[in-house]
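Listed below are the residues making up each chain.
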Amino acid sequence: MFLGILERRLLFQPQPVTDALPTDMGMEFYETWCESEPGHRLQCWFVPGDRRTDLTWMWFGGAGGNLSLRVGEFAAVRKHTGANIFGFDYGGFGNSRGRATVRSTAADARAALAHLEKNYGAEPGNTLFMGVSMGAAVAIRLASETFSPLGMALVAPFASLRDMGRLAYPRLTWSGRLVGDRYNSVKLVDRIDCPLLILHGTDDEVVPFSQGTKLLDAAREPKQLVAIDTAGHMNVGDFPEFWEGVCGWMDQVVGSDTSQAMTAQR
C-alpha cells in the first residue's frame, strides 16, 4: 500500500480532459481503442503525416496530462518531422479506463504497440519512439522487452525512479531505497539496439540534467545528447535547438530531409 502511495505521489498526475482535438490544429486523425489488461481500455489517436508517411512516431506521454492536452505537441512533431504520430493514454489518463501503476503502464504500452502494428501497419523498421519524462522509462522498458525500434528519442528522461525519489523526496523514500527497482531505465537502456537521442534542458527543475547524462552514459552507441541551454522541464520543446536536434538526428537515422524542411518553414 505504501509503495502504491509513493507511485501516485511521485508519478501519476492525470489531468482533466479538454475538448481539444487534432482537427483544431488542422490535422486529420483517427481515434481507436485498444484493450490492455483487465479493466484497461485505452484511447488511441493516429495522426497521419504530411511528408514522411512511411514513418510513425509512437508517443509515450509523461506523468501528467492526456491526449487532449498534447494536441499542440503532436502538431509540432508533425510540422517539423512530417511523420505519422500515434499516441495513447495509459489507464486512468484522459478517457482511458483503468488505473495507472508502474506495472500497468508497461502492459498498456505493449497493448498499444500491438494495436499500432495491427491497425495501422507500423513495423519496427519504420517506427520511432518518443518518450517524454516518465514516458521515456515506459518506452525503454517496452523496447527492452519487445524489439528495438528504428530509433528512440527521449525528452528529459530520468535514470531511475530510485534516483528521483532520492532527489525529490529523500525522507519519504528513505533516500530512494523504498522505491525499489521501479522504472530502472539505467539498468535496461543498454539492451536497446537502436540509435538513441536524449534531449534535456540544462535548467530542468523537475528531472535534473544530470539524470539525462547518467542514462546516456549507460546506453549503447550510437547515442547523442542535445543539451538545451536554459530550458526547463515544461518548455524544452519551445527552443529551436530542440527541433534542430530532433530533425538532425532523424536525418541520420532514417535518411530523411527533415532538417531542410524545418529550415524552409521558418
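Quick note: structure is the one above.
Summary of the structure given here. (Residues numbered from 1 in each chain as written. Predicted model: local features only at pLDDT ≥ 70, side-chain atom pairs only at ≥ 80, totals over all residues. Heavy atoms only, no water.)

## Brief notes about the pattern of salt bridges
For the structure on display, the rule yields 11 salt bridges. Connected through salt bridges with shared partners, the residues Asp 50, Arg 51 and Arg 78 form a single ionic network. (Salt bridge = Lys/Arg side-chain N within 4 Å of Asp/Glu carboxyl O.)

## Concerning helix 8 (residues 240-254)
Taking 1.5 Å of rise per residue, 15 residues should cover 21 Å, and helix 8 covers 21 Å from first to last C-alpha, within 8% of that figure. Listed as buried for helix 8 are Phe 242, Trp 243, Gly 245, Val 246, Cys 247, Trp 249, Met 250, Asp 251, Val 253 and Val 254. Just downstream of helix 8 lies Gly 255, where phi reads positive at about 70°. (Helix = DSSP H or I, 4+ residues; strand = E, 2+ residues; numbered from the N terminus. Expected span 1.5 Å × (residues − 1). Buried < 20%, exposed > 50% of the residue type's maximum accessible area, 1.4 Å probe, protein only.)

## As for the nonpolar core
Core analysis: the largest hydrophobic core is formed by 47 residues, its most contacted members being Met 58, Phe 60, Phe 88, Met 134, Met 152 and Tyr 183. With 8 residues, the single largest contributor to this core is helix 4 (residues 134-145). Residues contacting Met 58, with those up to four places away along its chain left out, are Phe 86, Phe 88, Ala 109, Ala 112, Leu 113, Leu 116, Thr 127, Leu 128, Phe 129, Met 130 and Leu 142. Leu 67, Ala 83, Ile 228 and Phe 239 belong to the second-largest nonpolar core, a separate cluster that totals 34 residues. (Core = buried A, V, L, I, M, F, W, Y, C linked by side-chain atoms within 4.5 Å. Contact = heavy atoms within 4.5 Å.)

## Section: the pairing of strand 2 (residues 30-35)
Of the strand pairs in this sheet, strand 2 and strand 3 (residues 41-47) are connected by 6 bridges, and their pairing is antiparallel. The residue of strand 3 that forms the bridge with Tyr 30 is Phe 46. Linking strand 2 back to strand 3 in an antiparallel pair, the connection comprises 5 residues, with Gly 39 at a positive phi of about 90°. (Pairing = 2+ DSSP bridges.)

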